[in-house]
Amino acid sequence: MATPTPFPRRRFLLASGATAAGLALAAPGAGAASGPGAEALLYHRLLLRHTRWVETQWDAAAGRYPLADFGFASVLGNAVLLTHGTYDADLAGVGRETLADHTVRTIRHFAATNFWATGATWGGGGYEWGGRVFWDGTFESYFVAAARLLWDELDAATRGHVDAIAVRGAQYVAGLGAGEDPRSGGWSSNGLTGGHRGDSKIEEMGAKSMPLATGLAYHPDHPDAAAWREWLTRWLSNMTGLPSADRGNATLIDGRPVSEWNTAQNMYEGHVVENHGTYAPMYQQSTGAYPGRNALHFLIAGAPLPEVLAKQPNAAGLWRTMTHLGTAAGLSSHPMVADRYHLYGRDVLPLTWRRMGQADPYTARAERMLAAHLEPYLAYPPENRLTKFSGEPKYEPEARAEVAIAYLLHVWRDRLHGDVRPVSEARYWANVAGATDYGAEVGLVAHQSARALAMAVSKAGHVKFAFLPEHDDWLFDVTGAAPAFLPGTALAVTGRRVARYTRAADGFDGSATVLRFAQGTAGYATLPTGAVVYATTGLAPDEGRLRLHALAMPGVRGLDGDRTFHGPGGVVTLAPDGGDGGVDEVRFPAVTARHVRIVGGRPATQYGYSLWRAEVYAPGSGPGEGTDLARGRTATASSADTAYPPRHATDGDPATRWAVARAERPRADSWLAVDLGAEQRVDRVLLGWEAAYGAEYRVQVSADGTGWRDVAAVPAAHGFAGNWVNVDDRAGFVVRGGSSPIRVTAGSVTLSAGPAAPLVAEGYPAQRAGRTRALAAAPAPTADVPGVAAALADGHLAVFNLTDAAVETAVHVPAQSDKDPARTVRVALPAAAATILPPAPGA
């Protein structure tokens with residue numbers, strides 16, 4: 001039953017005049033709202049639904065939420081539900097009284113066992129957690145906020161412990177000055193110098209700010225408060241430091257210009273942030289997460305917000321980059337990250353802070369785009385989780401805390417200033433349209449247009465030409481090691497040349513990138529219409545591969561559980577039937593065999609193949625029903641890591657596994673075979689994959705272990721014997737050269753299914769099958785010089801010199817219409833380079 005709860009001033013003093021004065025920002029076109037807006041109400045519902053997961057963590061014997069992975073940080077979301085809005089026990093799956101009891105008992109326990117509260121000596125006993133800047137300080141901040149929201153419900157001893165956490169944590173960090181925390185192992189901000197190559201220190205500096213904000217907000221009259229404010233401002237300002245910009249920045253923060261505060265460099269000149277050696281949007285988003293976390297304490301305390309939160313140096317440039325690389329979910333794409341993507345619960349707060357704390361109407365649109373995905377995401381299995389698909393266990397309680405903070409920021413803004421209204425989607429994309437080369441060191445060229453995002457990545461281990469029609473990162477998977485046009489991310493780039501075009505200088509926005517490899521050369525052109533062109537000398541078999549998402553997530557466009565492909569000869573709809581990791585049960589018509597083999601076709605990651613278990617069953621039996629015919633039988637493999645031999649796949653032990661040898665990880669056709677001991681009738685296998693799973697593989701049988709025949713292919717594939725294909729009418733591809741057929745599965749499109757051969761492929765966003773068919777039938781441009789490829793896409797002529805020498809060539813362009821007759825264009829290009837010509841006059 002829904003139970004109304006009050007908005008108690010003592011618990012959350014958002015309505016004080018001091019708070020409003022601390023950050024009085026104009027909200028474009030907005031007036032004060034009478035109540036929480038749509039996003040605030042959504043976040044409240046999410047917290048209620050997520051409470052079902054929280055309660056699975058309750059340890060009844062211990063009487064608290066867990067210490068492991070900071071599970072007790074869930075109390076901040078609980079505290080918000082107990083003090084704000086309308087509590088709905090049906091949504092939460094637990095009664096309000098029970099949740100309150102669990103929350104207070106947890107706060108009481110962990111307040112009493114925190115390092116700062118116990119007065120313990122480092123390395124001694126008497127405490128369970130805390131005392132480290134990385135990353136206990138972050139969770140201490142969440143914890144203190146929860147306690148302050150429920151201050152009236154806590155006993156005097158618990159309040160004293162909470163105050164000790166706030167005060168002593170702030171004293172400790174201020175006392176370190178620019179030095180490092182010896183308790184945090186190797187974690188470091190590199191003092192006030194920071195770092196940007198490979199590993200930005202944005203996050204580390206943000207972490208140092210959190211204990212300072214916690215102490216300063218609730219104890220502004222403490223004798224050390226001036227030092228806390230000084231270091232809070234210094235860390236938050238340097239967090240987004242860029243010397244070339246900061247030295248000339250006269251913006252005053254606490255009466256002193258940014259040029260006096262900042263010494264650090266934590267980003268590249270193009271406002272790009274790296275972490276773990278690659279462009280990493282999650283860490284770039286930290287520029288919004290840490291200010292939002294810190295602002296919460298001042299709002300709870302009814303205190304003015306520090307100026308640095310609103311005047312954060314270089315924040316606008318950092319956010320523009322994320323939007324320039326953005327998707328339809330309101331978030332940056334992740335072309336170089338193999339995890340930490342689609343962590344929607346962790347993405348909310350940075351957008352909310354930028355919108356509400358810095359009154360940015362463009363980020364307001366981004367937040368609204370993300371909000372549209374959140375409830376379907378929460379409902380997708382495993383249900384009621386805010387950080388699905390990847391990430392660390394501690395992200396789940398942390399995401400709950402951050403959604404709670406986002407809710408409170410909305411409540412504050414809605415009550416005092418009115419909502420920050422988002423711009424239209426058209427204006428949002430127009431604001432960041434254009435092409436940018438972030439340089440060879442970052443290894444990223446990006447072109448954002450009204451209809452698509454396209455990127456060329458040359459960073460080692462992540463090499464790809466990515467294409468996101470309609471900015472949709474749930475259509476093609478371009479993350480981490482996912483292949484995109486190029487045959488694999490293990491290719492080593494030996495040369496890179498980029499041509500960038502701008503509307504102001506060239507009349508159109510675009511880019512042309514050519515990459516050289518030991519195996520050959522490939523180029524990528526991006527056009528203002530969102531179309532792309534890929535050209536290659538032929539780097540490997542199965543070239544031009546794009547990986548698809550095929551999930552059933554009702555409420556998110558395109559995620560209805562399958563993919564429909566149009567091509568020459570008809571249409572086919574395919575649903576996933578394996579090849580997506582986890583456990584695959586592969587069925588096939590019953591056959592007699594003594595030997596069963598799994599042969600790889602394509603590994604999903606750079607780690608090759610690894611199986612926890614490989615089981616074989618007779619007809620009429622199955623997992624849990626019959627006898628595993630492979631259990632304890634002899635297993636062999638194409639290769640094996642010495643620690644993970646083939647027998648581990650059939651030993652019945654769920655903790656052991658087989659894995660290919662390290663040197664064989666790049667090999668696509670690695671295999672594992674089992675000898676059943678005698679001929680058996682079999683009709684299914686059960687494969688338990690480790691994270692190194694087979695995205696494509698075959699099941700084979702044999703009577704003698706020598707002659708093999710296929711009985712199943714995973715996933716199911718279909719071939720189009722022609723030169724075009726459409727995917728859900730969301731994207732169309734036209735292939736010139738290469739080898740037929742074009743091969744599709746529920747999770748992939750391969751534009752050249754035969755041996756490596758020269759190939760030109762055009763990609764179009766939001767394309768209907770009829771238009772793709774017509775484009776495929778049109779004659780293509782040709783060049784006089786071998787090794788030069790050309791394509792005409794949406795009126796733009798893209799020419800690629802895929803040779804190792806400079807060339808001058810005539811490119812013959814067939815007539816496209818009466819207004820655009822045939823013509824010949826003379827083109828001169830350096831070795832391994834490309835160019836784009838604007839549409840012909842009158843075209």
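Residues numbered from 1 in each chain as written. Predicted model: local features only at pLDDT ≥ 70, side-chain atom pairs only at ≥ 80, totals over all residues. Heavy atoms only, no water.

Undergrad: Teacher, can you tell me more about the overall build of the chain here?
TA: A tally of regular secondary structure across the chain gives 22 helices and 38 strands. Computed over the C-alpha atoms, the radius of gyration of the chain is 29 Å, within 12% of the 28 Å expected from 2.2 N^0.38 for a compact globule of 843 residues. Oriented by its inertia axes, the alpha-carbon framework of the chain measures out at about 80 × 75 × 50 Å. In the chain, buried positions account for 61% of the 843 residues. Counted over contacts in the chain with a minimum sequence separation of 6, partners at least 24 positions apart contribute 70%. (Helix = DSSP H or I, 4+ residues; strand = E, 2+ residues; numbered from the N terminus. Rg over C-alpha atoms; globule rule 2.2 N^0.38 Å. Buried < 20%, exposed > 50% of the residue type's maximum accessible area, 1.4 Å probe, protein only. Contact = heavy atoms within 4.5 Å.)

Undergrad: What exactly am I supposed to notice about the side chain of histidine 297 here?
TA: As for its position among the elements, histidine 297 is in helix 14 (residues 286-301). Histidine 297 gets classed as buried once you look at its relative accessible area, which sits at 0%. In this structure the side chain of histidine 297 is engaged in a polar contact, spanning 2.7 Å, whose partner is the side chain of serine 141. In this structure, histidine 297 is in contact with Ser141, Ala145, Ala213, Thr214, Ala217 and Tyr218, ignoring residues within four places of it in sequence. (Polar contact = N/O pair within 3.5 Å; in protein donor to acceptor, adjacent residues only side chain to side chain.)

Undergrad: Honestly, the pairing of strand 36 (residues 807-813) in this entry has me stumped. Any pointers?
TA: The side chains of a regular strand alternate between the sheet's two faces. Of all seven residues that make up strand 36, five are buried, and the element is covered over most of its length. Relative to strand 36, strand 33 (residues 782-783) is paired through two bridges, and the arrangement is antiparallel. Its bridge partner lying in strand 36, threonine 782 is registered against histidine 812. For strand 36 and strand 37 (residues 823-829), the ladder comprises seven bridges, and the chain directions are antiparallel. (Pairing = 2+ DSSP bridges.)

Undergrad: What is the right way to read the pattern of salt bridges from this model?
TA: Pairing between side chains of opposite charge can happen when the charged atoms of each approach one another. The tally for this structure, following the rule as stated, stands at 49 salt bridges. Aspartate 804 serves as the salt-bridge partner of arginine 516, at 3.0 Å between the closest nitrogen and oxygen. Residue arginine 516 is located in strand 14 (residues 510-517), and its partner aspartate 804 is located in the loop between strand 35 (796-801) and strand 36; the two are separated by 288 residues in the primary sequence. Residue classification places arginine 516 among the partly exposed positions, given a relative accessible area of 26%. Assessed through its relative accessible area of 62%, aspartate 804 is described here as exposed. One connected set of salt bridges, linked through shared partners, spans Glu39, Arg355, Glu367, Arg368 and Asp419. (Salt bridge = Lys/Arg side-chain N within 4 Å of Asp/Glu carboxyl O.)

Undergrad: In this structure, what is going on with the confidence of the model for the chain? I would like to understand it.
TA: Predicted coordinates in regions of low pLDDT should not be interpreted in detail. Summary statistics for the chain give a mean pLDDT of 92 and a share of 95% for residues scoring 70 or more. Predicted confidence is poor over residues 1-33, with pLDDT under 50, and the contacts of this stretch with residues over four places away or in other chains come to 106 contacts. (pLDDT = per-residue confidence, 0-100.)

Undergrad: Please clarify how unusual backbone geometry should be interpreted in this entry.
TA: Negative phi values dominate among residues other than glycine, just as trans dominates among peptide bonds. Phenylalanine 134 connects to tryptophan 135 through a cis peptide bond whose omega is -5°. Note on placement: tryptophan 135 falls in the loop between helix 6 (115-118) and helix 7 (136-149). Despite not being glycine, asparagine 190 shows a phi value in the positive range, around 60°. As for its placement among the helices and strands, asparagine 190 is situated in the loop between helix 8 (156-176) and helix 9 (202-218). A residue is classified by how much of its surface remains accessible, and asparagine 190, at 39% relative accessible area, is partly exposed. With a phi angle near 50°, aspartate 794 is a residue other than glycine that sits in the positive phi range. With respect to the helices and strands, the residue aspartate 794 is situated in the loop between strand 34 (788-793) and strand 35.

Undergrad: Is there a simple way to explain the sheet that holds strand 15 (residues 520-526) in this structure?
TA: Consider a sheet: its strands pair through backbone hydrogen bonds, and that pairing is either parallel or antiparallel. The antiparallel open sheet is built from nine strands, whose spatial order is 13-14-15-16-32-29-28-18-19. In this open sheet, the two edge strands, each paired with only one partner strand, are strand 13 (493-501) and strand 19 (570-574). On average, each strand axis in the sheet is tilted by 15° relative to the strand beside it, whichever way the strands run. Here seven bridges tie strand 14 to strand 15, and the two strands are oriented antiparallel to one another. Within strand 15, the residue paired with arginine 516 across the bridge is threonine 521. (Axes fitted to C-alpha atoms, helices over the stretch in contact; angles between N-to-C directions.)

Undergrad: Even after reading the chapter, I still don't get the packing of aromatic side chains, so can you show me in this structure?
TA: Given two aromatic rings, one states the distance between the centres and the angle between the planes to describe the pair. Under the counting rule described, the total for this entry stands at 33 aromatic pairs. Ring centres 6.1 Å apart and planes at 80° place the aromatic pair phenylalanine 467 and phenylalanine 733 in the edge-to-face group. Of this pair, phenylalanine 467 sits in strand 10 (residues 464-469) while phenylalanine 733 sits in strand 29 (residues 731-737), placing them 266 residues apart in sequence. Relative accessible area serves as the criterion here: at 0%, phenylalanine 467 is assigned to the buried category. Judged by its relative accessible area of 0%, phenylalanine 733 is buried. Grouped by ring-pair contacts, the aromatic residues Phe70, Phe72, Phe110, Trp129, Phe139, Tyr142 and Phe143 constitute a single cluster. Above the plane of the ring of tyrosine 290 lies arginine 293, whose end atom (NZ or CZ) is 4.4 Å from the centre. The ring of tryptophan 612 has arginine 657 sitting right over it, with the charged end atom 5.6 Å from the ring centre. (Phe/Tyr/Trp six-rings, centres within 6.5 Å; stacked < 30°, edge-to-face > 60°. Lys NZ or Arg CZ within 6 Å of the ring centre and 35° of its normal.)

Undergrad: Is there a simple way to explain the sheet that holds strand 7 (residues 434-437) in this structure?
TA: The strand order across the open sheet built from four strands is 7-8-9-10, with neighbouring strands paired in antiparallel fashion. Every interior strand has two partners, whereas the edge strands, strand 7 and strand 10, have only one. Adjacent strand axes in the sheet meet at a mean angle of 10° when their direction is disregarded. Of the strand pairs in this sheet, strand 9 (residues 452-457) and strand 10 are connected by six bridges, and their pairing is antiparallel. When the sheet's bridge partners are listed, methionine 455 is paired in strand 10 with alanine 466.

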